[in-house]
Amino acid sequence: IEVSQVLIESVETIIVDLPTIRPHKLAMHTMQHQTLVVIRLRCSDGIEGLGESTTIGGLAYGNESPESIKQNIDSHLAPLLIGQDAANINAAMLRLDKAAKGNTFAKSGLESALLDAQGKRLGLPVSELLGGRVRDGLEVAWTLASGDTAKDIAEAQHMLEIRRHRIFKLKIGAGEVDRDLKHVIAIKQALGDTASVRVDVNQAWDESVALRACRILGDNGIDLIEQPISRINRSGQVRLNQRSPAPIMADESIESVEDAFSLAADGAASIFALKIAKNGGPRAVLRTAQIAEAAGIALYGGTMLEGSIGTLASAHAFVTLKQLTWHTELFGPLLLTEEIVTEAPVYRDFQLHVPRTPGLGLALDEERLAFFRRK
Ligand code: MUC
Ligand code: MG
């Protein structure tokens with residue numbers, strides 16, 4: 001039999017700057033807009049795969065910036081892929097991993113694009129390429145990060161009314177601790193049992209502060225505490241995980257699948273935030289999920305505030321998971337005022353609905369892309 005190979009012909013990286021609905025305040029950075037790196041991977045059968053490699057706040061969050069992602073793909077990763085078998089994702093990703101350390105954000109966008117292309121080729125949604133979905137929708141949390149308590153309460157109440165979100169994550173850590181604690185407790189008291197309220201400290205506290213603050217948060221009905229201290233302080237994370245009355249989730253601590261393994265081995269968190277960008281793609285993030293499942297660590301579907309492409313690449317992986325006890329935060333597209341795809345992902349009844357059309361289930365809107373791409 002003759003097997004005609006489909007080859008990867010080109011990889012294009014496009015930086016896109018999109019406005020946000022309001023400033024989004026995190027401990028390390030205030031976002032006034034979001035920058036996406038969109039990847040178009042063209043194959044010899046005419047099929048194009050889409051991927052996205054997006055981070056938060058330039059270099060404020062992680063080791064890769066939009067500009068470095070683009071440069072590293074253009075100069076180092078794309079040349080390794082061009083001429084390779086487009087249908088063999090194992091071989092393609094192995095080739096990248098052999099030649100390039102780290103760079104999980106860049107690799108995640110490329111792996112997503114390969115999956116999108118292969119799904120379109122076979123007529124299957126990416127979730128089915130990943131072994132098959134066990135659910136169609138994902139409950140999605142919303143982040144309250146206006147920086148103003150009254151505004152945040154009004155925003156949460158509106159989200160409850162329109163049945164879009166009933167899980168709220170508050171970004172704290174930038175300000176003075178006692179002020180942050182008051183802010184969080186005021187929001188929890190205003191929302192009561194109608195909502196799950198959680199916090200993300202983005203590594204801003206030290207262990208001495210975190211010990212006291214986690215206790216106060218837990219005692220006041222906060223359901224989850226995300227990354228309270230530095231990813232570098234492993235023994236502090238282990239102690240906090242033993243002492244905090246509210247469960248501790250690892251986010252920044254996971255910069256690779258191997259990080260996930262060593263966190264699990266050390267007992268440094270009881271929940272993992274799964275992010276395709278931190279692991280190297282939708283398949284890579286499932287390896288971290290499997291480590292967590294084996295270790296009895298609960299799962300949460302995280303985001304780097306990607307646009308629609310990165311959000312659905314994450315969602316296709318997350319719908320294959322047995323249990324997502326803490327649900328997801330795949331609300332990235334809702335934080336942006338503009339779309340670059342023809343049909344935006346659908347959010348209804350507290351859930352993101354994951355398309356059953358081939359690939360990721362998205363098409364680029366060429367005009368909008370041309371307008372918003374960085375010149
Ligand atoms: C993070 O650290 O979790 C996810 C949601 C959000 O508002 O910020 C991000 C990053
Ligand atoms: Mg986080």
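Owing to the predicted nature of the structure, the values given are computational and were not obtained by experimental measurement. (Residues numbered from 1 in each chain as written. Chains lettered and ligands numbered in written order. Predicted model: local features only at pLDDT ≥ 70, side-chain atom pairs only at ≥ 80, totals over all residues. Heavy atoms only, no water.)

Participant: For the sheet that holds strand S4 (residues 137–139), give the residues involved together with the corresponding values.
Facilitator: Read across the sheet, three strands follow the order S4-S13-S12 without closing on themselves; strand pairing throughout is antiparallel. Of all strands in the sheet, those bounded by a partner on one side alone are S4 and strand S12 (346–348). Within the sheet, the average angular offset between the axes of one strand and its neighbour, ignoring direction, is 30°. Both S12 and strand S13 (residues 351–353) contribute to a ladder of three bridges, which runs antiparallel. When the bridges of S13 are listed, Val346 appears paired with His353. Where helix H12 (residues 308–318) meets the sheet, it contacts S4, S12 and S13, and its direction lies at approximately 95° from that of S13. (Pairing = 2+ DSSP bridges. Helix = DSSP H or I, 4+ residues; strand = E, 2+ residues; numbered from the N terminus. Axes fitted to C-alpha atoms, helices over the stretch in contact; angles between N-to-C directions. Contact = heavy atoms within 4.5 Å.)

Participant: Quick one: what's the story with the packing of aromatic side chains, residue by residue and with numbers?
Facilitator: This structure, assessed with the given rule, holds two aromatic pairs. Relative to Phe372, the ring of Phe371 lies with its centre 4.9 Å away and its plane at 85°, an arrangement referred to as edge-to-face. By relative accessible area, Phe371 is classed as exposed at 61%. The aromatic ring of Trp142 is capped on one face by Arg164, whose charged end is 4.9 Å from the ring centroid. Sitting over the ring of Phe350, Arg166 keeps its end group 4.3 Å from the ring centre. (Phe/Tyr/Trp six-rings, centres within 6.5 Å; stacked < 30°, edge-to-face > 60°. Buried < 20%, exposed > 50% of the residue type's maximum accessible area, 1.4 Å probe, protein only. Lys NZ or Arg CZ within 6 Å of the ring centre and 35° of its normal.)

Participant: Could you give an account of the pairing of strand S10 (residues 271–274), naming the residues involved and the relevant values?
Facilitator: The side-chain alternation of S10 yields two buried faces, one formed by Ile271 and Ala273 and the other by Phe272 and Leu274. For strand S9 (residues 248–250) and S10, the ladder comprises two bridges, and the chain directions are parallel. Paired with Met249 across the two strands is Ile271, which belongs to S10. Taken together, S9, helix H9 (residues 257–266) and S10 form a β-α-β motif whose crossover is right-handed. Note: S10 against strand S11 (residues 298–301), four bridges, orientation parallel. Looking at the pairing, Ile271 lines up with Ala298 of S11. (Right-handed = clockwise from strand over helix to strand, strands pointing away.)

Participant: So what about the environment of Arg212? Which residues, and what values?
Facilitator: Structurally, Arg212 can be placed in helix H7 (residues 207–219). On the basis of relative accessible area, Arg212 is assigned to the partly exposed category, the value being 42%. Between the alpha carbons of Arg212 and Leu81 there is a distance of 50 Å; along the sequence they are 131 residues apart. Apart from the residues lying within four places of it in its own chain, the contact partners of Arg212 are Val177 and Asp178.

Participant: Residues and numbers for the packing of H7 against helix H8 (residues 234–243), please.
Facilitator: Contact pair H7 / H8: the axes reach a minimum separation of 10 Å and the direction vectors enclose 15°. Judged by the angle between their axes, H7 and H8 are roughly parallel. As H7 packs across H8, the resulting crossing turns out to be right-handed. On H8, the residues that touch Glu207, Ala210, Leu211, Cys214 and Arg215 of H7 are Gly236, Arg239, Leu240 and Arg243. (Parallel < 35°, antiparallel > 145°, perpendicular 65-115°, else oblique. Left-handed = near helix turned anticlockwise from the far one by under 90°.)

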